[in-house]
Amino acid sequence: MQNKLIPHPDLPIDLPTDERIRAAVAHYGENVVIDNAVALLRAKNAGKDFLLYAGGRHALGILEGAPALYWPELWGARALLHVWGEQAAPYIVVGLNNQAWRVREMCAKVVLLRGLQVVPKLVRLTTDENPRVRSAALHALADQGTADNIATIEVRLRDSDKEVRRAAQQARDAIRSRLKLTEPETEPEP
């Protein structure tokens, strides 16, 4: 007896995410795809077919009974990198507080791409327990942070994770460049 789900051959489950989401838009329409992505991000059911569009072959495992964990939420957020409507913005902001670090990280990436102005939430994420979330928050701060955020960013220059330190340096330098700030002068030692 076969327990494997066989998806409809027209579902592009083996394509890269951006191509799957384009195919979903062609099939459902942009607004439906955005609404379904938000539904996934909110841990709601968006239908088996859309789950396959969003999650690709990996989604088959969930449909066959594997624990969903945070994957559908992550796929919903990731879909919003490829299709966007302002109605999704509040859910991305809420996703920055998700218990799963992968969802927080992806929401920070969407914040950066979509220019959502949430500096206080990004500042808070610079101290997240997961270094990938800290890095994603710093990358977003590079784009929308102000001079007031530089001190917070500079704390991450001493982070235990090398990628976070690199992201902090890039964020600090990007803000200084964007705001045309010069490096603070250091006092010469006597």
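All of these numbers come straight from a predicted model, not from anything done at the bench.

Student: Please explain the side chain of Thr 17 as it appears in this structure.
Tutor: Locating Thr 17 in the fold gives a position in helix H1 (residues 17–28). Here Thr 17 is in contact with Arg 78 and His 82, once residues within four sequence places are set aside.

Student: Help me understand the packing of aromatic side chains in this model?
Tutor: In total, this model carries four aromatic pairs according to the counting rule given. Geometrically, the ring pair formed by Tyr 28 and Tyr 53 is edge-to-face, given 5.6 Å between the ring centres and 75° between the ring planes. Remark: Tyr 53 occurs in helix H3 (residues 48–55) and Tyr 28 occurs in helix H1; sequence separation between them is 25 residues. What makes Tyr 28 partly exposed here is its relative accessible area of 27%. On the numbers, 4.8 Å between centres and 40° between planes, the contact of Tyr 70 with Trp 71 is tilted.

Student: I tried to follow the environment of Pro 12 on my own but got confused; where do I start?
Tutor: Relative to the helices and strands, Pro 12 is located in the segment before H1. The sequence separation of Pro 12 and Gly 56 amounts to 44 residues, and the corresponding C-alpha distance is 7.4 Å. The contacts of Pro 12, once residues within four sequence positions are left out, are Arg 20, Ala 23 and Tyr 53.

Student: Please explain the pattern of salt bridges as it appears in this structure.
Tutor: Pairing between side chains of opposite charge can happen when the charged atoms of each approach one another. The final tally for this structure, using the stated rule, is eleven salt bridges. For Asp 159, the salt bridge is made with Arg 134, and the minimal N-O distance between the two is 2.9 Å. In this pair, Asp 159 is assigned in the loop between helix H10 (150–155) and helix H11 (162–178) and Arg 134 in helix H9 (residues 131–144), connecting sequence segments 25 residues apart. On the accessibility criterion, Asp 159 (5% relative accessible area) is buried.

Student: Can you help me understand the domain arrangement of the chain in this one?
Tutor: A common way to express how large an interface is: the accessible area buried when the components associate. Per the domain assignment, the segments of the chain are domain 1 (1–97) and domain 2 (117–181). On a C-alpha basis, the centres of domain 1 and domain 2 stand 30 Å from each other.

Student: How should the environment of Leu 96 be read in this particular structure?
Tutor: Tracing the sequence through the fold places Leu 96 in the loop between helix H6 (89–95) and helix H7 (101–114). Between the C-alpha atoms of Leu 96 and Val 118, which are 22 residues apart in sequence, the distance is 10.0 Å. Excluding residues that lie within four positions of it along the chain, Leu 96 makes contacts with Arg 104, Cys 107, Ala 108, Val 111, Val 118, Lys 121, Arg 124 and Leu 125.

Student: Explain the packing of H3 against helix H5 (residues 71–79) here, please?
Tutor: Packed helix pairs are characterised by how far apart their axes lie and by the angle those axes make with each other. Here H3 crosses H5 at 70°, and the two axes come no closer than 9 Å. By the angle between their axes, H3 is roughly perpendicular relative to H5. Along this stretch, H3 crosses H5, giving a crossing that reads as left-handed. Where H3 approaches H5, its residues Leu 51, Ala 54 and Gly 55 are matched on the opposing element by Pro 72, Trp 75 and Arg 78. In the contact of H3 with H5, the residues fall into four nonpolar, one polar and one charged.

Each value, and the rule that gives it
All chains use their own residue numbering, which begins from 1 and follows the written sequence. Totals for whole chains, interfaces and linings use all residues, but because this is a predicted model, local features are given only for residues with pLDDT of at least 70 and pairs of side-chain atoms are given and counted only at 80 or more. For side-chain calculations, the full set of non-hydrogen atoms in the structure is used, while hydrogens and water are omitted. Counting from the N terminus, the helices are the DSSP runs of H or I reaching at least four residues and the strands are the DSSP runs of E reaching at least two. Here, two residues are considered to be in contact whenever any of their heavy atoms come within 4.5 Å of each other. Classification of ring pairs uses Phe, Tyr and Trp, with its six-membered ring standing for Trp, and accepts pairs whose centres are within 6.5 Å; under 30 degrees between planes counts as stacked, over 60 as edge-to-face, and the remaining range as tilted. For each residue, the accessible area found with a 1.4 Å probe, counting protein chains only, is set against the maximum for its type, and the residue is called buried under 20%, exposed over 50%, and partly exposed in between. Throughout this description, the term salt bridge denotes a Lys or Arg side-chain nitrogen within 4 Å of a carboxyl oxygen of Asp or Glu. Reported domain spans reflect what an automatic or database domain assignment gives. Lines fitted to the C-alpha atoms define the axes, with helices restricted to the stretch that makes contact. Angles between their N-to-C directions range from 0 to 180 degrees. The labels follow the angle: roughly parallel below 35 degrees, roughly antiparallel above 145, roughly perpendicular from 65 to 115, and oblique for the rest. Crossing handedness follows the turn of the near helix against the far one: under a right angle anticlockwise gives a left-handed crossing, and clockwise gives a right-handed one. Residues are sorted three ways: Asp, Glu, Lys and Arg are charged, Ala, Val, Leu, Ile, Met, Phe, Trp, Tyr, Cys and Pro are nonpolar, and all the rest, Gly among them, are polar.

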